[in-house]
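Chain by chain, the residues run as shown.
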Amino acid sequence: MGIIESRMFESLTEAQISAVKTVDGPLLILAGPGSGKTRVVTHRTAFMIQSGVPARRILTLTFTNKAADEMQTRLKDLVGESGVWTSTFHKFCSRTLRAYGDHVGLEENFTIYDAADSQKALKQTIEEHRFELFKYSPNQILNKISELKNQLVNADEFQTRPGAPLDAIVQRIYPLYQKRLLQSNAVDFDDLLLHVAKLLIDNPEVRQELDARYQYISVDEYQDTNYAQYVILKMLSMDYRNLAVTGDPDQSIYGWRGANIRNILDFEKDFPETTVVRLEQNYRSTPNILEVADHLIEYNTQRKEKHLFTDRKEGIPVKLVAFPSQNDEVNVIAESIHRQITNGSRNARDIAIFYRTNSLSRNLEHSLRTLGIPYQIVKGHEFYQRREVKDILAYLHLINNPRNDVAFERIINVPSRKIGKVTIDRIKAYAHQFGVCLLEAALNCEKIATLKGNAKKNIKKFAEMMMRLRETATELVSTIITKIYLETGYRDVLLSTENQEDAERAANLDELLNAAHEFDLEYGELGGLDIYLDQASLVSDVDAWDQDDDKVTLMTLHAAKGLEFPVVYIVALEDGILPHSRSMETDSEIEEERRLFFVGITRAMEELQISRSLYRSQKGRLWPTIPSTFLMELPREKMEVHEPRRAGSEFGDDAFGTMDSDDDYSQQDHYQDPVFGDAAADDSATTNVDETEFTGQFPKGDGIPFEIFGEQTGRPPIESEPAVASGDRLPDLEDASAGLSLDSTGEETDSKSSAETTPGSPSSSAPLIQTAAEMLEGNHDGEAVDQEPPIQLPPSAFSPNMLVSHPSYGVGRILSISAAGSKETATVDFVAIGQKKFVLAFCPLRPIVE
DNA sequence: AAGTTGGAAGTTTTT
DNA sequence: CTTCCAACTT
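The following paragraphs examine the structure supplied in this document. All figures in this text were calculated on a predicted structure; none of them were measured in a lab. Throughout, a residue's number is its position along its own chain's written sequence, starting from 1. As a convention, the first chain written is A and the first ligand written is 1, with the rest following in written order. Where local features are concerned, this predicted model is filtered to residues with pLDDT of at least 70; where side-chain atom pairs are given and counted, the filter is 80 or more; whole-chain, interface and lining totals use all residues. Working from all heavy atoms in the structure, the side-chain values ignore hydrogens and water.

1. Quick word on the overall build of chain A
And then number 1: Strands are runs of DSSP state E lasting at least two residues, helices are runs of H or I lasting at least four, and both sets are numbered from the N terminus onward. Of regular secondary structure, chain A possesses 32 helices and 23 strands.
And then number 2: When burial is assessed residue by residue, chain A has 57% of its 850 residues classed as buried.
And then number 3: Note on contacts: a residue pair qualifies if any of its non-hydrogen atoms lie within 4.5 Å across the two residues. Counted over contacts in chain A with a minimum sequence separation of 6, partners at least 24 positions apart contribute 74%.
And then number 4: Calculation of accessible area relied on Shrake-Rupley with a 1.4 Å probe; when residues are assessed, cover is drawn exclusively from the protein chains displayed. Carbon and sulfur atoms provide 49% of the accessible area of chain A, an area that totals close to 35900 Å². Relative accessibility decides the category of a residue: with a 1.4 Å probe and only protein chains considered, values under 20% of the type maximum give buried, values over 50% give exposed, and everything between is partly exposed.

As structure tokens, then:
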């Protein structure tokens, strides 16, 4: 062992070695981002095996299959095939329940309901008992039940708080929902943990047995465990207290799912004999990136003080950029990525873009696709959420577990069998009356008096077909699926139409079959229908991410945890997005949002750009944004900042209200101003690069009036993006030097980029604004229209002889200006169409900075 | 019974 | 903007 041991340790630091060598007793590894945590855990496991711990006594728990697979692979590299069980929490619980489920009323072929299934089950419960929900949604009730389950509160244990109407409703529904799940031999996600925890609490002999089986347990991402998981770990570590947990309180981002950051903060109280190892050296990021992360996270109070350090070279500054519009944001990022890839400085796989909400990926996708940049969106559920896939899975579920009523209802009439709602209701009534599942009721359709004629015949046919399919349950999954296709004709129906969409669906079904075939090959004897369905139910988003695929990665900040990329973009640092509007109520929610941002920042190895947009569309409307408060918490003097900055002096007075001119964010005040709004402020905006003055990054006259309450004026909110004028190409990540030189010269314009972008080129001629009428006509591309969209500009922004651009008429030169004040009018000579007159206060003219 | 249409509502993160 | 659901038509 000596030789192996020394080779194994040679690449580790002292702190890491001490963690690796602590095999017995509780161990807490506080591992900062990029501190080589996975290496430590795998080396530690390898060390245990070499020290003689039987591999089957070791259990490694992670949150995602991706993480579990990686551990497995890396362990294999160290010690070869070992037989250590590496699993996600949920999968571990599922396996445990398939063996011991009888203690909690489950048969081994139970079904795992996903979120949609759970919601259907809840809705069925509500419908069946005719509950009045008042103002509450099924989802709110489900969330509450989920919360209770995470706290291991059973249906019969729930104490309502006085004066909480939701509690009262939940108290009545929860037991019935739970009863329905058990009757269907089904569990929801939370049940997987709840049942196992209860099983261990209520059955000392089982607890003892499992404790002895898993004598060495190690847990990844411990900061994200909830109470149920905590109890499970505790119960499994009573006789054999060899519990090693790894985590970072600063990366706890699943509080909303019941994760309790106290689990890690209080670990030493729970296990007083704990060995604590701190891994604070970061091997991933440059000092510049690390400092931004460190500076930010200092604002949190709920944490263990930790100081990240690194040996790495300083690298380039982190960029902080404000874009005029979200289209600019995504386009500039996409162009930047495009350049990096085409000039060979980066591979697509080196680059990632993170966002707070999935909906933000849409624009990014569009921009990347336009430039032909390969990308992958990390959203693992997507495939399994497709209708056709869910339908076939429902057949599989029903074959595996005939009591799965949700599956039954899903496919009883898919493909169409002329079985309608009335018929189904009659089956349900019978099932309810006799306490049987829907499939059994269907089998007994002869006995259902209300059914007759064709309805009865069709039901019977369906039930008999299901019984035939049931006989295939023990065959290979791919065989079962093939038989489903044959018996139901589902795939043929799709192929029989000319419909392109149906063809795609059929192709997806082929893919499903292929995947099942691969599963059969991979798992062999260890596979089987229930294992397969577990796989399908317990995928996490990040599981779908393919590290080796040479594509730009797009993912949520949540999904990004545990990963790293040389180049990272984080977008939409805006109030209400990050921090998210639904997570701004309490300090602890804000702190979690801050940790989420911290996680995003610390994924970056070499380059990082953080951006926001001055406008963002939501629900199809364009709104002005407020910068995220987190942006104020960054060490701006160490960063490369491209933010619009208020310069009231531009127009000689403080027409836009009082503000603290030293504070970039004081412009927030202007979002309240119904007349000039922030857009006016942005007009005058200068860009602050490293706190120096105007650099011309933002054009004058890109002002857009807006109404906070768009409806009140009868005019819809702005529905098109405010465009960037030519020559105002924003700095991007790979353009660091350009941005910095601007800074140093203090020059007003970026002549280099204005030369690149000719006025009138597609990227610079997007319409400033469209009226509702234009929208209706689909006039998006700046064709001349009679109606001039109203744009307000500060009067003094124009002067004779100035070059201007108009979204419809293109480029022109101002000939003269008349009648000063609010009716100030300009006569403009357009290159394309000749002279035109405009009232300056209400026209979309913008100066072209020369 | 099935398909179509209209309106309303909801939109965080995910095992 | 999207999705879901209810009411309507065929």
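2. With respect to the protein's contact with DNA strand B
And then number 1: Around DNA strand B, a shell composed of 25 residues is seen, among which Arg356, Ser416, Ser540, Asp541 and Lys619 lie nearest.
And then number 2: We call a residue near a given molecule or strand whenever any one of its heavy atoms falls within 4 Å of it. If you look at DNA strand B and keep only atoms within 4 Å of the protein, 50% of those are sugar or phosphate atoms.
And then number 3: Split by residue class, the surface near DNA strand B holds six nonpolar, 13 polar and six charged. Three classes are used: nonpolar for Ala, Val, Leu, Ile, Met, Phe, Trp, Tyr, Cys and Pro, charged for Asp, Glu, Lys and Arg, and polar for all others, with Gly counted as polar.

3. Considering the protein's contact with DNA strand C
And then number 1: Near DNA strand C you find Lys123, Arg362, Lys619 and Gly620, and these make up its full shell.
And then number 2: Across the surface near DNA strand C, the residue classes break down as no nonpolar, one polar and three charged.

4. Digging into the side chain of Thr96
And then number 1: Within the secondary structure, Thr96 is located in helix 5 (residues 89-100).
And then number 2: Taking relative accessible area as the criterion, Thr96 reaches 5% and is therefore assigned buried.
And then number 3: Apart from residues no more than four positions distant in its own chain, Thr96 is found in contact with Gly101, Val196, Leu199 and Leu210.

5. Some words on the packing of aromatic side chains
And then number 1: Aromatic pairing here means that ring centres of Phe, Tyr or Trp (its six-membered ring) are within 6.5 Å. Orientation follows from the plane angle: under 30 degrees is stacked, over 60 is edge-to-face, and everything else is tilted. Across all of its chains, the model carries 16 aromatic pairs by this definition.
And then number 2: For the pair Tyr254 and Trp256, a centre-to-centre distance of 5.6 Å together with 45° between the ring planes defines the contact as tilted.
And then number 3: According to the relative accessible area criterion, Tyr254 is buried, its value standing at 15%.
And then number 4: A ring pair is formed by Phe597 and Phe630, whose centres lie 6.2 Å apart and whose planes are at 25°; its orientation type is stacked. Taken together, the positions of Phe597 in helix 28 (residues 587-601) and Phe630 in the loop between strand 16 (621-624) and strand 17 (640-645) put the pair 33 residues apart, joining distant regions of the chain.
And then number 5: According to the relative accessible area criterion, Phe630 is buried, its value standing at 0%.
And then number 6: Each residue in the set Trp85, Phe92 and Tyr214 is aromatic and connected to the rest through ring pairs, giving one cluster.
And then number 7: One Lys or Arg, Arg257, reaches over the ring of Trp256 and ends 6.0 Å from the middle of that ring. Placement of a positive charge over a ring is assigned whenever Lys NZ or Arg CZ falls within 6 Å of the ring centre and within 35 degrees of the normal to the ring plane.

6. Some thoughts on helix 10 (residues 204-213)
And then number 1: Among the residues of helix 10, those classed as buried are Val206, Arg207, Leu210 and Asp211. Taken end-on, helix 10 shows its buried residues confined to a sector of 130°, consistent with a single buried face.
And then number 2: At its buried positions, helix 10 is contacted by helix 5, helix 9 (189-202) and helix 11 (227-235). The arc under discussion is defined with respect to the helix axis, by the directions toward the C-beta atoms.

7. Notes on the packing of helix 6 (residues 115-128) against helix 8 (residues 165-183)
How two helices pack is summed up by the angle between their axes together with the distance between the axes.
And then number 1: In contact at an axis separation of 9 Å, helix 6 and helix 8 are set at 120° when each is read in the N-to-C sense. Classed by the angle they form, the pair helix 6 and helix 8 counts as oblique. When you trace helix 6 past helix 8, the crossing you get is right-handed. Listed contacts from helix 8 to Ser118, Ala121, Leu122, Gln124, Thr125, Ile126 and Glu128 of helix 6 are Ile173, Leu176, Tyr177, Arg180 and Leu181. Angles shown run from 0 to 180 degrees and are taken between the N-to-C directions of axes, each axis being a line fitted to C-alpha atoms and, for helices, limited to the stretch in contact. Throughout this description, any angle smaller than 35 degrees is read as roughly parallel, any larger than 145 degrees as roughly antiparallel, any in the 65 to 115 degree range as roughly perpendicular, and the remainder as oblique. What makes a crossing left-handed is the near helix being turned counterclockwise from the far one by less than a right angle; a clockwise turn instead makes it right-handed.

8. Structural notes on the pattern of salt bridges
And then number 1: A pairing counts as a salt bridge when a side-chain nitrogen of Lys or Arg comes within 4 Å of a carboxyl oxygen of Asp or Glu. The tally for this structure, following the rule as stated, stands at 52 salt bridges.
And then number 2: Taking the shortest distance from any N to any O, the salt bridge between Arg369 and Glu365 comes out at 3.5 Å. Of the two residues, Arg369 and Glu365 are both situated in helix 16 (residues 361-370); the distance of four residues between them amounts to about one turn of the helix.
And then number 3: We note a salt bridge from Asp391 to Arg410, for which the minimum N-O separation is 2.7 Å. A residue pair is termed long-range when its members are at least 10 positions apart, and Asp391 in helix 18 (residues 387-400) and Arg410 in helix 19 (residues 405-411) qualify at 19 residues.
And then number 4: We classify Asp391 as buried; its relative accessible area is 4%.
And then number 5: Look at the salt bridges and you will find they share partners, linking Asp248, Asp250, Glu298, Arg303, Glu305 and Lys306 into a network.

9. Some remarks on helix 20 (residues 421-434)
Since there are 3.6 residues in each turn of an α-helix, residues three or four apart along the chain are aligned in direction.
And then number 1: Any helix carries an expected span of 1.5 Å times its number of residues minus one. Between its first and last C-alpha atoms helix 20 spans 20 Å; for 14 residues at 1.5 Å apiece the expected length is 20 Å, and the two agree.
And then number 2: Three or more residues of helix 20 are buried, namely Thr423, Ile424, Ile427, Tyr430 and Ala431. The arc that holds the buried residues of helix 20, viewed along the axis, is 120°, so those residues lie on one side. Seen from the buried face of helix 20, the exposed residues on the opposite side, beyond 90 degrees, are Lys421, His432 and Gln433.
And then number 3: Residues of helix 20 that are buried sit in contact with helix 19, helix 21 (438-443) and helix 22 (453-470).

10. A look at the pairing of strand 10 (residues 351-355)
One face of the sheet, then the other: side chains in a regular strand alternate in exactly this way.
And then number 1: Within strand 10, five of the five residues are buried, which leaves it mostly tucked inside the rest of the structure.
And then number 2: Residues Ile351, Ile353 and Tyr355 of strand 10 are buried on one face, and the alternating residues Ala352 and Phe354, pointing to the opposite face, are buried as well.
And then number 3: One requirement defines pairing of two strands: DSSP has to find at least two bridges between them. Sheet analysis places strand 10 next to strand 13 (residues 565-570), joined by four bridges and oriented parallel. Looking at strand 13, one finds that Phe354 is bridged to Ile570.
And then number 4: Direction of pairing for strand 10 relative to strand 12 (residues 552-556): parallel, over a ladder of four bridges. Within strand 12, the residue paired with Ala352 across the bridge is Thr553.

11. What about the packing of helix 7 (residues 138-150) against helix 9?
And then number 1: It is the contact of helix 7 with helix 9, at a shortest axis distance of 9 Å, that shows an interaxial angle of 25°. Classified by the angle their axes make, helix 7 and helix 9 are roughly parallel. Along this stretch, helix 7 crosses helix 9, giving a crossing that reads as left-handed. Residues Ser146, Lys149 and Asn150 of helix 7 lie in contact with helix 9, whose contacting residues are Asp190, Asp191 and Leu194.
And then number 2: When its residues are assigned to classes, the contact of helix 7 with helix 9 shows one nonpolar, two polar and three charged.

12. Some remarks on the pairing of strand 1 (residues 27-31)
And then number 1: Extensive coverage of strand 1 is indicated by the burial of five of its five residues.
And then number 2: Summarising the sheet, strand 1 and strand 8 (residues 275-279) pair through five bridges and their orientation is parallel. From the neighbouring strand, Ile29 faces strand 8, where its bridge partner is Val277.

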